[in-house]
Amino acid sequence: MDIIQTKNYAIELGSIQEWGLKSLLSKNYPNAKVVMITDENSYDYCLEKILNQFPELQEAQVLQLPAGEQYKNLPLVEQILNVISEHNLSRNDLMINLGGGVITDMGGFMASIYKRGIDFINIPTTLLSMVDASIGGKTGVDLGSLKNQIGVFAEPKALYIDPEFLNTLEPIQIFSGYAEMLKHGLIADKAHWEALKETKPDVVPSRIDLIKRSIEIKKEVVEKDFKESGLRKILNFGHTVGHAIEGMYLTKAPIIHGLGVAWGMMVEAKIATELGMLSADESKEIEEFILSIYPPIKLEDEEIEEIMHLIQFDKKNKEDKILCALITEIGKCEYDVEVKVGMVEKVLREVNVS
Ligand SMILES: NC(=O)c1ccc[n+]([C@@H]2O[C@H](COP(=O)([O-])OP(=O)(O)OC[C@H]3O[C@@H](n4cnc5c(N)ncnc54)[C@H](O)[C@@H]3O)[C@@H](O)[C@H]2O)c1
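None of these values were measured; they are calculated from a predicted model. (Residues numbered from 1 in each chain as written. Predicted model: local features only at pLDDT ≥ 70, side-chain atom pairs only at ≥ 80, totals over all residues. Heavy atoms only, no water.)

**Description of the sheet that holds strand β1 (residues 2-5)**
One open sheet accounts for seven strands, arranged β1-β2-β9-β6-β5-β3-β4; its pairing is mixed. Bordering the open sheet on either side are β1 and β4 (61-65), each of which pairs with just one other strand. Each strand axis lies, on average, 15 degrees off the axis of its neighbour in the sheet, ignoring direction. Pairing geometry for strand β5 (residues 94-99) and strand β6 (residues 119-124), over six bridges, is parallel. When the bridges of β6 are listed, leucine 94 appears paired with aspartate 119. In the packing of helix α9 (residues 208-224) onto the sheet, the strands contacted are β1, β2 (10-13) and β9 (158-161), and the crossing angle to β1 comes to about 10 degrees. (Pairing = 2+ DSSP bridges. Helix = DSSP H or I, 4+ residues; strand = E, 2+ residues; numbered from the N terminus. Axes fitted to C-alpha atoms, helices over the stretch in contact; angles between N-to-C directions. Contact = heavy atoms within 4.5 Å.)

**What to know about the site of the ligand**
Neighbouring the ligand are 26 residues; Asp39, Glu69, Thr126, Lys147 and Thr168 lie closest to it. Residue lysine 138 places a main-chain N or O atom 2.9 Å away from a nitrogen atom belonging to the ligand. Between the ligand and phenylalanine 165 there is a distance of 3.0 Å, counted from a nitrogen atom to a backbone nitrogen or oxygen. Protein contact buries 91% of the 860 Å² of open area that the ligand shows by itself. Elements with a contribution of two residues or more to the shell around the ligand: α2 (40-45), α5 (101-113), α6 (127-133), β8 (146-153) and α7 (171-188). Split into classes, the residues belonging to the shell around the ligand amount to eight nonpolar, nine polar and nine charged. Here the shell around the ligand spans two domains, since at least three of its residues come from each of domain 1 (2-168) and domain 2 (171-351). (Near = heavy atom within 4 Å. Polar contact = N/O pair within 3.5 Å; in protein donor to acceptor, adjacent residues only side chain to side chain. Areas by Shrake-Rupley, 256 points an atom, 1.4 Å probe, with all protein chains shown as cover. Nonpolar A, V, L, I, M, F, W, Y, C, P; charged D, E, K, R; others polar. Domains from an automatic or database assignment.)

**A look at the nonpolar core**
If you look at the biggest cluster of nonpolar residues, it comprises 99 residues, and the most contacted ones within it are Leu21, Met36, Ile50, Leu57 and Ile123. The greatest single-element share of this core, amounting to 10 residues, is contributed by helix α11 (residues 257-274). Mapped onto the domain boundaries, this core takes at least three residues apiece from domain 1 (2-168) and domain 2 (171-351). Excluding residues that lie within four positions of it along the chain, isoleucine 123 makes contacts with Trp19, Leu21, Ile50, Ile96, Asn97, Leu98, Gly99, Tyr160 and Phe165. Of all hydrophobic cores here, the second largest spans 22 residues; its members include Ile84, Leu89, Met95 and Val102. (Core = buried A, V, L, I, M, F, W, Y, C linked by side-chain atoms within 4.5 Å. Buried < 20%, exposed > 50% of the residue type's maximum accessible area, 1.4 Å probe, protein only.)

**Some points on the pairing of β1**
Regular strands show a simple pattern: their side chains alternate between the two faces of the sheet. In this structure, β1 lies alongside β2, joined through four bridges in antiparallel fashion. Residue glutamine 5 lies in a different strand from β2, and its bridge partner there is alanine 10. Two successive antiparallel strands, β1 and β2, enclose a turn made up of four residues.

**As for the packing of α7 against α11**
Interaxial distance between α7 and α11 falls to 6 Å at its minimum, and their mutual angle equals 35 degrees. Both α7 and α11 take part in a crossing whose hand is left-handed. For the pair α7 and α11, contact is made by Ser176, Ala179, Glu180, Leu182, Lys183 and Leu186 and by His257, Gly258, Val261, Ala262 and Met265, respectively. Across the contact of α7 with α11, the residue classes break down as six nonpolar, three polar and two charged. (Left-handed = near helix turned anticlockwise from the far one by under 90°.)

**Let's talk about the domain arrangement of the chain**
According to the domain assignment, the chain consists of domain 1 (2-168) and domain 2 (171-351). Centre-to-centre separation of domain 1 and domain 2, based on C-alpha positions: 26 Å. Across the contact, 30 residues belong to domain 1 and 35 residues belong to domain 2. Where domain 1 touches domain 2, the interface holds five salt bridges. (Salt bridge = Lys/Arg side-chain N within 4 Å of Asp/Glu carboxyl O.)

**Concerning the pairing of strand β3 (residues 34-39)**
With respect to burial, β3 is a largely interior element, six of its six residues being buried. Here β3 runs beside β4; their pairing, made up of five bridges, is parallel. In the sheet register, threonine 38 faces β4, and the bridge partner there is glutamine 64.

And the structure:
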């Protein structure tokens, strides 16, 4: 069992049998009502294992949400909060978010706004949520096509990760989390990038060392700048373009978050090269590796226009300027780099294959 201690809580990474959840519940929440937020898949594939291991949670009220990014929105939050309120959940009670990034983002958000905040615990069940979404205190929901436009910073009281949960995940979801892991390497640790390149995505669930390293990178960056006034922005590498592509697809046929990020990293690495910040060789290495794992970007003209429109709304922009986190070499990243909208469009059109 690995314990990664953050400033305010511990991340326990290892078999469910070894988690300290039982003692946390008996010590801190002996008489609390517990509500568990799941989606249809974490309900089917993960809930039973939790309830078998922790019989004290048999009494918990379990809510099952529809699965998917298209439900990460305010109308569903209101619906769920109504149910929680009907069950008289009080300030001293506890929410457990069991699921992927959609559930940890939305559950954390609901826990922090219900009665001005109740405690919550995250149990991420996708690779992406284990290495990224459930860590760092960003919670929230989308507003139409605008990703994560509504939200608050709020941290869980504890985080429990058992990579065994990844065994039931669809392979495409492993590819999604793998993209964020590649990002961790690209922005902060060349050795991690190299190790990931040698480890094809389907093997990653068995590589606790790689999962742990990604968690550590995310934790280290977040702890230096929790509210994202500076350094934390490097975690947005690939996300300015990635979020816009993902947002464009959101109301049509949603794509996995990691695919948007992978495409975004490829485009943003090329932008860094155009700006003279990143060597053409490293940019090529990134593009070639991403295209060996993920499909190429294939966009219609009007889709590119919509993406450019969404980029203007990105929270990372200031006064109409596009501010990006861009890498200067593999393992090093700068933030608040001003990029002209025209440059983004030019590079996006260059990599587009349709
Ligand atoms: N807060 C942050 O810092 C942060 C960082 C990165 C991403 N995110 C957010 O995370 C979200 C994406 O997370 P995600 O990729 O986990 O998506 P997700 O939560 O939609 O999960 C992906 C799919 O896997 C299913 N699933 C979950 N656990 C499973 C299991 N063990 N077995 C089988 N199926 C399972 C889900 O039902 C869903 O269909 C996006 O909304 C993104 O914006 C947040």
